[in-house]
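Okay, here's what each chain looks like letter by letter:
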Amino acid sequence: MKGLSHPKNNVTLNPSGNESIRDVIGRVSMKRRRFIMTAVGASALTVLGDVTIGGLLQTVEAAPVPAGLGFGGIGFKSIPPNLLNPATGLLEKDLVSVPPGYKAEVILAWGDPIMPGAPNWSPDATQDAAAQEKQAGMHHDGMHFFPLPGRQFLSRPLASASAYQGQTYRRGLLCVNHEYTHEEILHGSEGLLSQVTIQKVRKSQAAHGVSISEIARARIGNSWSVDRNSRYGRRITANTEIRIAGPVAGSTFVKSKKFDITPNGSMEIGVNDGYTAYGTVNNCAHGVTPWGTYLTCEENWNGYFGKNNPSEGVASVPGVEEADIVALQNRYGITSTGFNYRWHEVDPRWDANTNPLEPHLFGWIVEIDPYDPQSKPVKRTAMGRFKHESAQYVVDDSNRLAYYMGDDERNDYIYKFVCSRPFNPQIRGANRDLLDDGTLYVAKFSDNGTGEWIPLVYGQRGLTPENGFRSQAEVLVKTRMAADRVGATMMDRPEWTAVRPRIGGFNEIEVYCTLTNNSNRGVGETSVNQPDGSTRAGSARPPVDAANPRPDNRYGHIIRWREDGQRVTATTFTWDIFVECGDSQRTEPNLVGNINGDDFGAPDGMWCDDFGRLWIQTDQSGNGRGDWVNIGSNSMVCANPNNPREVKRFLTSPTNCEVTGVITTPDGRTMFINIQHPGEGAPASNPTQFSNWPSTQGYGPSGRPRSATVVITRNDGGIIGA
Ligand code: FEO
Ligand code: CA
Ligand code: CA
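### Observations regarding the overall build of the chain
Scanning the chain for helices and strands turns up 11 helices and 32 strands. Counting across all 722 residues of the chain, residues that qualify as buried make up 62%. Relative to all contacts within the chain whose residues are 6 or more apart in sequence, the contacts with residues 24 or more apart total 70%.

Spelled out as structure tokens, the structure:
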């Protein structure tokens, strides 16, 4: 996200001396460096802060993760970037472009009807919340395709995925996250900012959350389309009732005020029972379970809260100390105005002063069963509370199950959750509450190429009452502060994780994480996340380290690790930097990887397909200006995990959007991606100022740009990327 209503991380500082720091770090980045001690100037070392000569030398001597097998190759022809046209001030193409022999078709745009009774989208955006509740939400993000009829998940025993390889998939359920809204586009010519009303807020809330749509591929013409009358069609929004499960369920932290939520207001009617929440917001990336459910991850949920009377302070609540609430608001970034959604002005549920426990109901991973339209979503609190990006799983040879997750904030952390019980591949129902019981770990990356998973367990490693942790529920509500306490490694904004498939003789448990950027790394006066949790969200200025080696990291990098012993229960791992992203036409020596491949930066979405191809999607400004003048629009590239020098550009995007969400049908022959927030930044008075996509691509009426899902197929019906 880079939206008007979201925090920007593109503020750049350029203190003198950056170049010399860069040179030093360039010599010590993992993989192929030999550090020459005599070349390091005293001034550079001074600025390096906590990084010592010993640490630098250890870094140089660390063994890189060895290359593996299990990669199907990349067969398509790379396409050129979509660059800024200086004459128009816009990108050359307001289109999604794909390689020769491929076809890109829009299938599901914001406002499209997805269930019985839903109206068609209206290009003047005057439709109300009731219409929006039956239509696809705004700003598509993480996504998954669940095949129908879903025998592999719903029969018993559960069939392995390989039993279904070779089949052709023509029908399924598409679960799509709707991360946030562009209020100026959502509310017709009025926009939001002229006047906030409960009706506008209800529409905004209805445009958030998740959509579940049934899609099918026609026998004639082979095109995919949405079944707008499907019984599976469903919306989960910012107001949907959701169950709270896991260690935090029933605790005083989540007994917020209860409201009767109606189209015309929210009336206080008591106190929630600690097992019930309403809504999910800022559903960024996602995950799935091996038993066929969808996980939606709550990222920048803090931005929906505000304070109508900030000077009054937080209301006192039974069982939770005011100082704890204030510290949590600080560490998770809750402010008086939030991201200017202004929900709190007309919906008191979102006032963080008067309803101070409500924020604790957000920041979780929510499990949804797309095959059961009547099922209630569940917030799985054992998996931690932070700004969740994606959650990708591994089942190891002992059927132990783990999830790998990033917390997308400057200087926040990478986590792993290991379920206590093994996954049961025989009986779907036996896994129903598997995500409620397990150990949450946070990653510490050492300079020598090894790492440690540190458990966040009540009573251990200082997570004790004297430090403000009185139960496992409190450790989980305060996940970030617990990670601060145990000395986790501050990272350059962890976005998606991806897991490499164990195929073709490749047996490692190898996980990747995109680190999109960090304007606060290695610049200014050094500061770190304080162990008492007092550091405001994203405000620290840590020094460079081996895992985050670039000061003012504006192009980002991708880190990866392998679990020791090929077990998800391992508490140690080895790691290396897979690639440092950037513009190869600019002088930035010694980047890791991608020497001859296509340039990209600000990696965000990422997925390793069943053939070992690593698909990487980007989220930078998207207008081809400034740092991006040679890279152009956001894009999706395909990388060879055995050789990061082989990176090919597969897809380029329209103006002012990001590319996100990527999955294929299990046969690998249909790919789905999302274009999020095309044309962002346009005012309500001129919605198409920057983009008129997807109507430019032949989809729907023109009038305003719309986030949408794009289906990509090959003209010869072959496997995508091969
Ligand atoms: Fe929603 Fe971190 O991207
Ligand atoms: Ca993003
Ligand atoms: Ca993201």
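### A word on the coordination of the calcium ion (ligand 3)
For the calcium ion (ligand 3), every protein donor is listed as Glu389 (OE), Glu495 (OE), Asp604 (OD) and Asp604 (OD), and the spread of their distances is 2.0 to 2.7 Å. Each donor residue of the calcium ion (ligand 3) belongs to the same chain, with the gaps between them written as E-x105-E-x108-D. Between the calcium ion (ligand 3) and the calcium ion (ligand 2) the interatomic distance amounts to 3.1 Å, and Asp604 serves as a bridging ligand to the pair. Within this pair, whereas Glu389 is found in strand S17 (residues 388-395), its partner Glu495 is found in strand S22 (residues 494-499), the two being separated by 106 residues in sequence. Accessibility expressed as a relative area gives 0% for Glu389, which makes it buried. A relative accessible area of 2% places Glu495 in the buried class.

### Structural notes on the pairing of strand S19 (residues 414-419)
By the criterion of burial, S19 is predominantly enclosed, with six of the six residues buried. When strand S18 (residues 401-407) meets S19, the two strands line up antiparallel, connected through five bridges. Within the sheet, the bridge partner assigned to Tyr403 lies in S19 and is Phe417. In this structure, the hairpin formed by S18 and S19 is closed by a connection of six residues, where Asn411 is found at a positive phi of approximately 75 degrees.

### Details of the sheet that holds strand S27 (residues 614-618)
Across the sheet, which stays open at both edges, the four strands sit in the order S26-S27-S28-S29 with antiparallel pairing between neighbours. On the outer flanks of this sheet lie strand S26 (603-608) and strand S29 (643-652), each paired with one strand and no other. Going across the sheet, the axis of each strand differs from the next one's by a mean of 25 degrees, ignoring polarity. The pairing of S26 with S27 spans four bridges and is classified as antiparallel.

### Structural notes on the nonpolar core
With 65 residues, the main nonpolar core has Val281, Trp343, Tyr403, Met405, Tyr415, Val442 and Leu456 as its most contacted residues. Mapped onto this core, the elements with two or more residues apiece are strand S14 (294-298), helix H8 (322-332), S18, S19, strand S20 (438-445), helix H10 (472-477) and helix H11 (479-486). Ignoring sequence-local partners within four residues, the contact set of Leu456 consists of Tyr415, Leu440, Val442, Leu463, Gln472, Val475, Thr479, Ala482, Ala483 and Val486. Listed in part, the 40 residues of the second largest apolar core include Val106, Met143, Ile675 and Trp693.

### Examining the pattern of salt bridges
Per the counting criterion, the structure on display carries 40 salt bridges. A salt bridge links Asp408 to Arg493, with the nearest nitrogen and oxygen atoms 2.8 Å apart. Residue Asp408 is located in the loop between S18 and S19, and its partner Arg493 is located in the loop between H11 and S22; the two are separated by 85 residues in the primary sequence. Salt bridges here are not isolated pairs; linked through shared partners, they connect Arg331, Lys387, Asp407, Glu409, Asp412, Arg480 and Asp484.

### So, H8
It helps to recall that an α-helix has 3.6 residues per turn; residues three or four apart then point in one direction. Taken together, the buried positions of H8 are occupied by Asp324, Ile325, Leu328, Gln329, Arg331 and Tyr332. As for H8, its buried residues are in contact with H10 and H11.

### Regarding the sheet that holds strand S16 (residues 378-380)
Backbone hydrogen bonds hold the strands of a sheet together, and the pairing may be parallel or antiparallel. Strand order in the open sheet formed by six strands is S12-S9-S16-S15-S14-S13, and the pairing between neighbours is mixed. Each of the sheet's edge strands pairs with one partner strand only, and the pair in question is strand S12 (276-278) and strand S13 (283-288). Geometrically, the sheet is characterised by an average inter-axis angle of 35 degrees between neighbouring strands, direction not taken into account. In this structure, strand S9 (residues 241-245) lies alongside S12, joined through three bridges in antiparallel fashion. What sits directly across from Ile242, in S12, is Ala277.

### Looking at H11
The element H11 is largely enclosed, with a buried count of seven among its eight residues. Of the residues making up H11, those classed as buried are Thr479, Arg480, Met481, Ala482, Ala483, Asp484 and Val486. Check the buried side of H11 and you find it contacts H8, S18, S19, S20, strand S21 (450-455) and H10.

### So, the packing of H8 against H11
For any two helices packed against each other, the geometry comes down to the angle between their axes and how far apart the axes lie. Direction vectors running N to C along H8 and H11 enclose 80 degrees, while the axes themselves pass 9 Å from each other. The angle between H8 and H11 falls in the class roughly perpendicular. Residues Ala327, Leu328, Arg331 and Tyr332 of H8 pack against Thr479, Arg480, Met481 and Asp484 of H11. Counted by class, the contact of H8 with H11 contains four nonpolar, one polar and three charged residues.

### A short note on the confidence of the model for the chain
For the chain, the mean per-residue pLDDT works out to 89, and 87% of the residues sit at or above 70. Predicted confidence in the chain is weakest over helix H2 (residues 42-47), with a mean pLDDT of 28, and strongest over S16, with 99. Segment residues 6-68: pLDDT under 50, and 133 contacts once partners within four positions in sequence are set aside and those in other chains are kept.

### So, the packing of aromatic side chains
Per the stated rule, a full pass over the model turns up 32 aromatic pairs. With centroids separated by 5.3 Å and ring planes inclined at 40 degrees, the aromatic side chains of Trp350 and Phe362 adopt a geometry described as tilted. Separated by 12 residues along the polypeptide, Trp350 in the loop between helix H9 (343-346) and strand S15 (365-368) and Phe362 in the loop between H9 and S15 bring together distant segments of the chain. Given the relative accessible area of 0%, Phe362 is considered buried.

### A look at the environment of Trp224
Here Trp224 lies in strand S7 (residues 224-226). Residue class for Trp224 comes out buried when judged on its relative accessible area of 7%. Setting aside residues up to four positions removed in sequence, Trp224 forms contacts with Ile107, Phe145, Tyr169, Arg170, Arg171, Ile215, Ala216, Arg217, Thr665, Thr670, Phe672 and Val711. A polar atom in the side chain of Trp224 sits 3.2 Å from the side chain of Thr670.

### Concerning the pairing of strand S6 (residues 209-217)
With eight of nine residues buried, S6 is to be regarded as a mostly interior element. As judged from the eight bridges shared by strand S5 (residues 171-178) and S6, these two strands associate in the antiparallel manner. Bridge assignment links His178 to a residue of S6, and that residue is Gly209. Sheet analysis places S6 next to strand S8 (residues 234-236), joined by three bridges and oriented antiparallel. Along S8, the bridge assignment pairs Val210 with Ile236. Summarising the sheet, S6 and S7 pair through three bridges and their orientation is antiparallel. Bridge assignment links Arg217 to a residue of S7, and that residue is Trp224. Taking the residues that link successive antiparallel strands as the turn, the S6-S7 hairpin has six residues, and the phi of Gly221 there is positive, at about 90 degrees.

### Quick look at the side chain of Glu299
With respect to the helices, strands and loops of the structure, Glu299 is situated in the loop between S14 and H8. A distance of 3.4 Å separates polar atoms of two side chains, one belonging to Glu299 and the other to Asn300.

### So, the environment of Gly188
For Gly188, the location among the structural elements is in the loop between helix H6 (183-186) and helix H7 (198-207). Once the C-alpha coordinates of Gly188 and Ala125 are considered, the two residues, 63 residues apart in sequence, prove to be 4.5 Å apart. Residues within four places of Gly188 in sequence aside, it is in contact with Asp124, Ala125, Ala684 and Arg704.

Basis of the calculations
Residues numbered from 1 in each chain as written. Chains lettered and ligands numbered in written order. Predicted model: local features only at pLDDT ≥ 70, side-chain atom pairs only at ≥ 80, totals over all residues. Heavy atoms only, no water. Helix = DSSP H or I, 4+ residues; strand = E, 2+ residues; numbered from the N terminus. Buried < 20%, exposed > 50% of the residue type's maximum accessible area, 1.4 Å probe, protein only. Contact = heavy atoms within 4.5 Å. Donors = N, O, S within 2.8 Å, 3.2 Å for Na, K, Ca; no water. Pairing = 2+ DSSP bridges. Axes fitted to C-alpha atoms, helices over the stretch in contact; angles between N-to-C directions. Core = buried A, V, L, I, M, F, W, Y, C linked by side-chain atoms within 4.5 Å. Salt bridge = Lys/Arg side-chain N within 4 Å of Asp/Glu carboxyl O. Parallel < 35°, antiparallel > 145°, perpendicular 65-115°, else oblique. Nonpolar A, V, L, I, M, F, W, Y, C, P; charged D, E, K, R; others polar. pLDDT = per-residue confidence, 0-100. Phe/Tyr/Trp six-rings, centres within 6.5 Å; stacked < 30°, edge-to-face > 60°. Polar contact = N/O pair within 3.5 Å; in protein donor to acceptor, adjacent residues only side chain to side chain.

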